[in-house]
Amino acid sequence: MSNPPQNTNSAPQPRQLSTPRAAALSGIAFAVLFGTTIILIRIKMPAGLEDSTHWLKSQQSAITTATVLMPFAGISFLWFIGVVRDGFGRYEDRFFLSIFLGSGLLFLAMMFVATAVAAGLVASNTDVTDPTARSEVINFGRHVLASASQTYALRMAAVFMISLATIWFKTRLMPRWLAILSYLVALTLLIVSEMSKWVELVFPAWVLVVSCLILAREAVEHRARTADGSR
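Residues numbered from 1 in each chain as written. Predicted model: local features only at pLDDT ≥ 70, side-chain atom pairs only at ≥ 80, totals over all residues. Heavy atoms only, no water.

(A) Summary view of the pattern of salt bridges. Tallied over the entire structure, the rule returns 1 salt bridge. Residues Glu-200 and Arg-42 are paired through a salt bridge, measuring 2.9 Å at the closest nitrogen-oxygen approach. On the criterion of sequence distance, the pair formed by Glu-200 in the loop between α6 (176-192) and α7 (202-229) and Arg-42 in helix α1 (residues 26-42) is long-range, its members being 158 residues apart. The class of Glu-200 is buried, set by a relative accessible area of 1%. (Salt bridge = Lys/Arg side-chain N within 4 Å of Asp/Glu carboxyl O. Helix = DSSP H or I, 4+ residues; strand = E, 2+ residues; numbered from the N terminus. Buried < 20%, exposed > 50% of the residue type's maximum accessible area, 1.4 Å probe, protein only.)

Dropping the structure here:
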């Protein structure tokens, strides 16, 4: 008896996913979008109760623009987390990785809450007709916004930086000076997060520096691979 013909058409083998090179730009996009959002919301924000209504009325379009930009900043930050984690490779540390992911997601959640409060203030500005009550509502929302973004979100950003700097320090995946700088900036944020409303811009500036270093390293590695392939 003859053997039955064997099927020579094998199923396609799955390919391993790789992080696209363009994803490294996500940190730069986050730094620009998040920094713009902070500036639009915080600019001319008063410190006292008496100017709260005027601030919301005069900055309504700027705050509305910020609430539109914030979701895209959040998406970019999630991509940035993915890019940084991809760089760990086989050097992943489960303990510090858990802190890294948890603090990053909590930071993003707190910033979404703060921006949602700002959006709620703009949406409800015309619903409260009594001037005194309107001023108190706006002042309350302004304090919630500041607490969510400075007291909680910024401190989670500091923990994010400390955990990431520790991983870099142990694995030497990034320059040692960057890990030390991250420690210093994170400790500064933990201490002075409530002293100035503009201190929030420090975190996107740090992300911008990290993203530029990742892009520079990727460019060097890409040129090295191209040179090896041409030989």
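(B) Up close: the packing of α1 against helix α3 (residues 60-88). Put simply, α1 and α3 touch, their axes get as near as 7 Å, and they point 155° apart. The orientation of α1 relative to α3 falls into the category roughly antiparallel. For the pair α1 and α3, the crossing hand works out as left-handed. Here the contact of α1 with α3 is built from residues that sort into 17 nonpolar, 6 polar and no charged. (Axes fitted to C-alpha atoms, helices over the stretch in contact; angles between N-to-C directions. Parallel < 35°, antiparallel > 145°, perpendicular 65-115°, else oblique. Left-handed = near helix turned anticlockwise from the far one by under 90°. Nonpolar A, V, L, I, M, F, W, Y, C, P; charged D, E, K, R; others polar.)

(C) Spatial organisation of the nonpolar core. Ranked by size, the top nonpolar core spans 39 residues in total, and within it Phe-77, Phe-107, Phe-160, Trp-168, Phe-203 and Trp-206 carry the most contacts. When residues of this core are traced back to their parent elements, those giving at least two are α1, α3, α4 (94-123), α5 (131-171), α6 and α7. Setting aside residues no more than four positions away along its own chain, Phe-160 makes contact with Phe-77, Phe-80, Ile-81, Phe-100, Ser-103, Gly-104, Phe-203 and Trp-206. Counting residues in each nonpolar core, the second largest holds 13 residues, with Leu-56, Ala-118, Val-122 and Ile-138 among its members. (Core = buried A, V, L, I, M, F, W, Y, C linked by side-chain atoms within 4.5 Å. Contact = heavy atoms within 4.5 Å.)

(D) Region of the structure containing the packing of α3 against α4. It is the contact of α3 with α4, at a shortest axis distance of 9 Å, that shows an interaxial angle of 170°. The orientation of α3 with respect to α4, classified from their angle, is roughly antiparallel. Among the residues forming the contact of α3 with α4, the class breakdown is 20 nonpolar, 6 polar and 1 charged.

(E) Main features of the environment of Leu-164. By the element assignment, Leu-164 lies in helix α5. Sequence spacing of Leu-164 and Arg-85 is 79 residues, and the spatial spacing of their C-alpha atoms is 9.5 Å.

(F) Quick peek at the packing of aromatic side chains. Counted according to the given criterion, the structure contains 17 aromatic pairs. For the ring pair Phe-95 and Phe-96, a centre distance of 5.0 Å and an interplane angle of 85° mean the geometry is edge-to-face. Through pairs of rings, three or more aromatic residues link up here, namely Phe-30, Phe-34, Phe-77, Phe-80, Phe-100, Phe-107, Phe-160, Trp-168, Phe-203 and Trp-206. Lying across the ring of Phe-169, Arg-176 places its NZ or CZ 4.5 Å from the centre. (Phe/Tyr/Trp six-rings, centres within 6.5 Å; stacked < 30°, edge-to-face > 60°. Lys NZ or Arg CZ within 6 Å of the ring centre and 35° of its normal.)

(G) Local environment of a nonpolar patch on the surface. Side chains of Val-68, Phe-72, Ile-75, Leu-78, Trp-79 and Leu-105 sit close together on the surface and give an oily, nonpolar patch of about 610 Å² of accessible area. In terms of residue count, the dominant contributor to the nonpolar patch is α3 (5 residues). Inspection of the secondary structure puts Ile-75 in helix α3. For Ile-75, a relative accessible area of 46% corresponds to the partly exposed category. (Patch = residues over 30% accessible without salt bridge, like charges linked within 9 Å, V, L, I, M, F, W, Y side chains within 5 Å. Areas by Shrake-Rupley, 256 points an atom, 1.4 Å probe, with all protein chains shown as cover.)

(H) How the structure looks around the environment of Arg-142. Considering the arrangement of structural elements, one finds Arg-142 in helix α5. Along the primary structure Arg-142 and Met-45 are separated by 97 residues, whereas in three dimensions their C-alpha atoms are 8.5 Å apart.

(I) Seen up close, empty space enclosed by the protein. Overall, the coordinates contain 2 cavities of 30 Å³ or more when judged by the stated rule. Here the largest cavity is characterised by a volume of approximately 60 Å³. Every residue lining the largest cavity is listed: Ile-38, Ile-41, Arg-42, Met-111, Ala-114, Thr-115, Leu-145, Ser-149 and Glu-200. A breakdown of the residues in the lining of the largest cavity according to their chemical character gives 5 nonpolar, 2 polar and 2 charged. (1 Å grid on protein atoms, 1.4 Å probe; cavity = no way out; pocket = protein on both sides within 12 Å on 5 of 7 lines; lining within 4 Å. Points joined across faces, edges and corners; volume = space filled by probe spheres on them.)

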